[in-house]
Each structure stands twice: as structure tokens, then as C-alpha cells.
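The chain contents come next:
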Amino acid sequence: MAPLPLPIAAITSPHPSKSHDAPAPAQRPSASSLHAALASLSQQHAHAHDGGALRDAFALVARAERRSSPAAAVSVGPEVYASLLQCCVASGSLRAGRQVHAALVKRGPYYCRNAYAGTKLAVFYARCGALADAERAFGAIPERGRNAFAWAAVIGLWSRAGMHARALDGFAAMLEAGVPADNFVVPTVLKACAGIALARAGRAVHGYAWKAGIAECVYVMSSLVDFYGKCGQVEDARAVFDAMPERTVVSWNSMIMAYIHNGRIDEAVELFYEMRVEGVLPTRVSVLSLLSASAELEAVDGGRQGHAVAVSSGLAIDVILGTSMINFYCKVGLVEAAEAVFEQMEERDIVTWNLMIAGYFQDGQIGKAFETCRRMLETNLKFDCVTLASIIVACVKYCSMMVGSAAHGYAVRNGLDSDRTVACGLIDLYACTGRIEHARQVFNAMSQRDPVVWKVMISTYADGGMSSEALKLLDQMQLEGMSPTAACWDSVISAFVRNGQFKDTLGIFDQMLLTKTRPNLRTWSLLISGLSLNGMHQEVRNLCCKMQEVESAPSPTIYSAVVLAAKTAASVHSGKTIHACIVKKGLLLSRSVIQSLLKMYSGFNDRVTTDSLVRLLAECSK
């Protein structure tokens, strides 16, 4: 905001003086007229945000001070500055409010410790999001002077800042101080309860609202619907919603979001329809929420309903709404519908372009995708990491090295080559065209490498049959202080198994067991199927014994997987060894394990064991 032209003039004495020192009433405005004038200016600013009303308010107070003698300073008392602060609240000017605060401090304790002015300060700083200032202003208010407005301001600010536990502590302190919570505080507290999923605390607040007689306030009830929905208690949210004597569009939005938040998209669409039948006009929030949820759940009807409502309600298809529609249509594979929305939009941001480009690529419309890339650059927008990732993924899919090299060059020139998604895409691109050395150059050029990037490069070596290089990179990863994930170990083990290097494979597995990384389902399956296929039955038995030691908590999923691995390898010896391990672990009552054994023994044509397992499965089903 532009600097205020008229700073508040200083007053010589901060103390109210004797009445005979005061100027005649005709020479100065009364306190009541000052309040009225400042209130009018505050309302003017609420409708016209040009700063003129705020400057006029400061000028008015400055003139009043110039006309007042030191003995009549009471005419511009703390209440007047509180009214001036209200103008600052309306304008949202943090600088102007701090100027008023400084004036109050200069005038001494009578002004700066005034409860009314202190409350206005706390509210002002809270509205401006100045957390530390609001807390200091609140702390300066005498405890007896802290009313519901001051408490509501700081509790609301804590909640908006994500400090939900502190907001709840503030609510408790407010009640302990004997200040009853009103219909402004309770919604804020409910939001804090939802923020940290404290369902019991929220129910207690609901009970308090009933006792305080504010439970049927539309704002409180809308907050209750939102709270119960976010805590997963949809039926309670609906019960509150149905009990509302009147509903605003916020109430409907809260209930729709409760359904969407809990994956009940059909009920959200149905309520959306009811909302329209009731004559309540959906807002942008309503439509955006429905579109977002429909995209995530790939609910075609829900998203189309949202689009139709937006059009019938006359909502402008701006950047946010249009982008949300494009995202939905691309997610459900309706790229032509996304294209129609895209072409209707008068303004587009980089997210809009990226979604449309990715939609074309996913639909196989490569020509349109590259044409859209060209159009994007013509609007003076640059590709970002998302754009490049989409282009590179398409190049990998169609092995287009010429476009891929151009994308790599663009990434280097624009400092995007260290982005994880772009780098992984480039490594995959060079790998699929056999240029492993180029892939390694991309990897080496990265300033920071996370486990995902390491895994991609290790897999590139492993898939290319370069098992030794994959193992070297795994060792380098550990030397650099990075702990390999199970997927990294699996890639190396897979490469050695494919190369028939079983002794080395088991040695690598032993190294893995010495780390904090536990073998996963794929690790055991890779080892057992590889050893079984090569007739290494003793090694399979040893591995099964080791599996019993490592897997202290029996997992039916892992044992089912290794049974199927033995079946795939057509190894009766390995299959029976695993069967013995299963019996020893007490997993023969698991339906999934029995079904896996049945498939295995059916493949071995072992009729006797198969019949026995069928009877066991029937008993487990009872």
C-alpha cells in the first residue's frame, strides 16, 4: 500500500486533564462524532479498496488532535484509535495498523493497556495473519479485559496457521477465564478438532454448543457438518445437516465435501442435485470440489454433472474452473471434451497447458500434443518440469530419440536437468535406446540424488544385463550414506539371477540381510523361483529356513507368493520344502495359502495332496 500521507500527530500528555482546560465544544469534534465519521469511512473502504477512505480516516484523527489542547486530549481517547484500527482492519493495511499501534504506545499505559483498543489490535493483527504481533497484543490486554472478540481472534489465527492444538488450549483457557464461547469461536474450535482428527474433543464442543444455546446457529451447524465429515463420521454429519432449520450454500458445500472426503461420490452427486432442486445456487467451491473428487475416483457422471451445473449457473470458465474440468476429462479419458473446454478458455496458465499436453500424450495423440507444446511456447510461457516429463515419457514410449535429445538440451539450458522426474525420464529414454553411457551421464550430472533416482539407474544396469555395474552402483549408494530400498536390492538380485550367477546372488542377499532393509515379497519370489528353475533344491531348503528366521511374524502373502514361484519353476522338491515350512509356521489355516498350494500341486499332478487340501479348504470355509 502507498505510504500514508498524514502520520498521527503526537500529543503532549497521555493523561486526561481537568475539564476547565478543554477547548469549547465548537472548536473540536466530539468523541461520538469522531466514532461515527470513522465508522462511515470504514464502511466506505469495505466497498472501495483504493486507500482513499483510510487516508481520510487518518487525516480526520490528525485534525482532531491538532484542534485539541493537551488538557482536552481525552477527546481523542483510546476508543478513537480503536475506531481508526477498524479502518485498518477493513483495508488490511498492516503498515497503517502498526502506525496506530505505535501511536497508542507513545501515549502511555492509559492508551496501550486499554482493553477495547487492545482487543482491536489483536483482531487487526489476526486478520492480517501477523501471528507474533497478535499474540503480543493479546498478551498486553489485562486478563479481565479479554473478551470473546479477543479470544476469537487469536484462537482463529492459531487454527488458520495450523496450530490446532494451541487453538484448543486457547479455547480451554478462555472457558477457564469465565468467558463464554459464542458462535464465532465454536466454528473455529471445531475446525481445529478436525485438523488433528480429535473426534471426541469435537463432540465435547458440540455438547458445549448445545448447553450454550448456539448449537442451532447456521454457522455452528455448518462447522459441525464439516467437522464430522473430516473425521469420517458421515452419518453424524448428515444428521446435523438434516436437523438444520435453515441452510446456506456453505452448509450444502460442507455436506457435499463430507461425502466426497469419504469417497461417497454417488451421494455427493445426489445431494448436489437436491441442492439445485432446493433453489440454492452452487458456488465455484461446490463445482470445483465435485470435479476434483470425480477426477480422483474417475466418476464420469459426477464430473459431467459438475460441468453442466457450472454452465447452467452461469459460472465463468476461468483458469481455475477450466483447469479443473480439463483435469477431470483427461483423467477419465474424455480428451475431446477436455479439448473443447481448453479452446473455450480465454486465459490459461502453465498448469492448464500441461494437463492438455499430458492428456494428448496419454491418448496417443502425439501430433496434437506437440502442436500444443508449440502453441504454449508462442504464448511466451516456458516449459517446466511437468511439461518436459510428459514429453520425455512419450519419447520413451515411442523410442523417439530425436525429440528426446531436444528435450534433454532444453532441460540443460533451463536448469531443469536436476529435477528428479525429468532426470529419471531421461535415464529411461537413453536406456530404452541402448545408450547406457548417456543415461549414466544424466545420473552423474544430478546435484542431489534420492533413492528413486538411484533405483532407476541401478535398474537400467540390471535390465541391460550389466549385473556387475548394478552391484557397483549399489555399493556406491551405500558409501554415499544412502540406504538402498528393497526395490534397489531386488533389481540387482534379479540381474544376477538372470545371468545365472547364483552364488553371487546369495552373497548379495546375505549383504541385504545385514542392512536395515527387509526382503519383500518380490525378493523371496525372485530367489526361490530362480534357484528352483536351476534345480538348486538344497539352496531352496536353506532359503526357506532363513525365511522362517527372518519373517518372525508369519505372512500368508509372502508364503503364497513363494509357493507360486515354486509352481512356476515346476519344482516338486522346492514346493514340498515350502509346504513343510508353511505347516511349521502354522499357516495352513490361511485360505490364500491353501489356494496357492492347490494351484501348485495341481500343476504337479499330485492327486492325493490336492484332495487333502480341497477338504482342508472346505473346513476353513465353514
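Each value, and the rule that gives it
- Residues numbered from 1 in each chain as written.
- Predicted model: local features only at pLDDT ≥ 70, side-chain atom pairs only at ≥ 80, totals over all residues.
- Heavy atoms only, no water.
- Helix = DSSP H or I, 4+ residues; strand = E, 2+ residues; numbered from the N terminus.
- Contact = heavy atoms within 4.5 Å.
- Areas by Shrake-Rupley, 256 points an atom, 1.4 Å probe, with all protein chains shown as cover.
- Axes fitted to C-alpha atoms, helices over the stretch in contact; angles between N-to-C directions.
- Parallel < 35°, antiparallel > 145°, perpendicular 65-115°, else oblique.
- Left-handed = near helix turned anticlockwise from the far one by under 90°.
- Nonpolar A, V, L, I, M, F, W, Y, C, P; charged D, E, K, R; others polar.
- Buried < 20%, exposed > 50% of the residue type's maximum accessible area, 1.4 Å probe, protein only.
- Core = buried A, V, L, I, M, F, W, Y, C linked by side-chain atoms within 4.5 Å.
- Phe/Tyr/Trp six-rings, centres within 6.5 Å; stacked < 30°, edge-to-face > 60°.
- Lys NZ or Arg CZ within 6 Å of the ring centre and 35° of its normal.
- UniProt positions renumbered as here; feature names shortened; annotations may be inferred.
- Salt bridge = Lys/Arg side-chain N within 4 Å of Asp/Glu carboxyl O.

All right, on to the overall build of the chain then. Looking only at helices and strands, the chain features 35 helices and zero strands. Across the chain, the fraction of contacts at a sequence separation of at least 24, relative to all contacts at a separation of at least 6, is 62%. When the accessible surface of the chain is totalled, it reaches about 29600 Å², and 55% of it is carbon and sulfur.

Here we take up the packing of helix α25 (residues 436-445) against helix α26 (residues 451-463). Contact geometry for α25 and α26: axes closest at 11 Å, N-to-C directions at 165°. When the axes of α25 and α26 are compared, the pair comes out roughly antiparallel. The interaxial crossing formed by α25 with α26 has left-handed handedness. On the side of α25, the interface is formed by I436, A439, R440 and F443, while α26 contributes V453, W454, M457, T460 and Y461. Tallied by class, the residues present in the contact of α25 with α26 amount to seven nonpolar, one polar and one charged.

Structurally, A212 is set in helix α11 (residues 199-212). Using a relative accessible area of 38% as the deciding quantity, one classes A212 as partly exposed. When the C-alpha atoms of A212 and N183 are compared, they prove to be 9.5 Å apart, with 29 residues separating the residues in sequence.

In this section: the packing of helix α16 (residues 284-297) against helix α18 (residues 319-331). As a packed pair, α16 and α18 sit with axes 8 Å apart at the nearest point and diverge in direction by 20°. Classified by the angle their axes make, α16 and α18 are roughly parallel. The handedness of the crossing between α16 and α18 comes out as left-handed. From α16, R284, V287, L288, L291, S292, S294 and A295 reach across to α18, where they touch I320, L321, S324, M325, N327, F328 and K331. The residue inventory of the contact of α16 with α18, partitioned by class, reads eight nonpolar, four polar and two charged.

Right, let's get into the nonpolar core. With 177 residues, the main nonpolar core has I155 and M255 as its most contacted residues. For I155, the contacting residues outside a window of four places in its chain are A167, G170, F171, M174, V185, T188 and V189.

Right, let's get into the packing of aromatic side chains. A complete count under the given rule lists 10 aromatic pairs for this structure. Consider the rings of F227 and Y228, whose centres lie 4.9 Å apart with planes at 55°: the pair is tilted. Residue class for F227 comes out buried when judged on its relative accessible area of 0%. Ring geometry for F328 against Y329: centres 4.9 Å apart, planes inclined by 55°, an arrangement best described as tilted. In this structure, R247 is placed above the aromatic ring of F241, and the distance from its NZ or CZ to the ring centre is 4.2 Å. Stacked on the ring of F443, the Lys or Arg R449 has its end atom at 4.4 Å from the ring centre.

Taking the UniProt record as the reference, the feature "repeat: PPR" (unreviewed entry) is found at residues 248-282, 318-348, 349-383, 450-484, 485-519 and 520-554. Secondary structure over residues 349-383 splits into 74% helix and 0% strand, and the C-alpha atoms at its two ends are 12 Å apart. Structurally, residues 450-484 is divided into 74% helix and 0% strand, and its ends, taken at the C-alpha atoms, are 10 Å apart.

Counted by the stated rule, this structure contains 22 salt bridges. The salt bridge partner of D318 is R284, with a shortest N-O separation of 2.4 Å. Taken together, the positions of D318 in the loop between α17 (300-312) and α18 and R284 in helix α16 put the pair 34 residues apart, joining distant regions of the chain. Given a relative accessible area of 27%, R284 falls into the partly exposed group. One salt bridge in this structure joins R498 and D463, with 3.9 Å as the shortest N-O distance. Placement of R498 in helix α28 (residues 486-498) and of D463 in helix α26 is noted, with a sequence separation of 35 residues between them. Assessed through its relative accessible area of 62%, D463 is described here as exposed.

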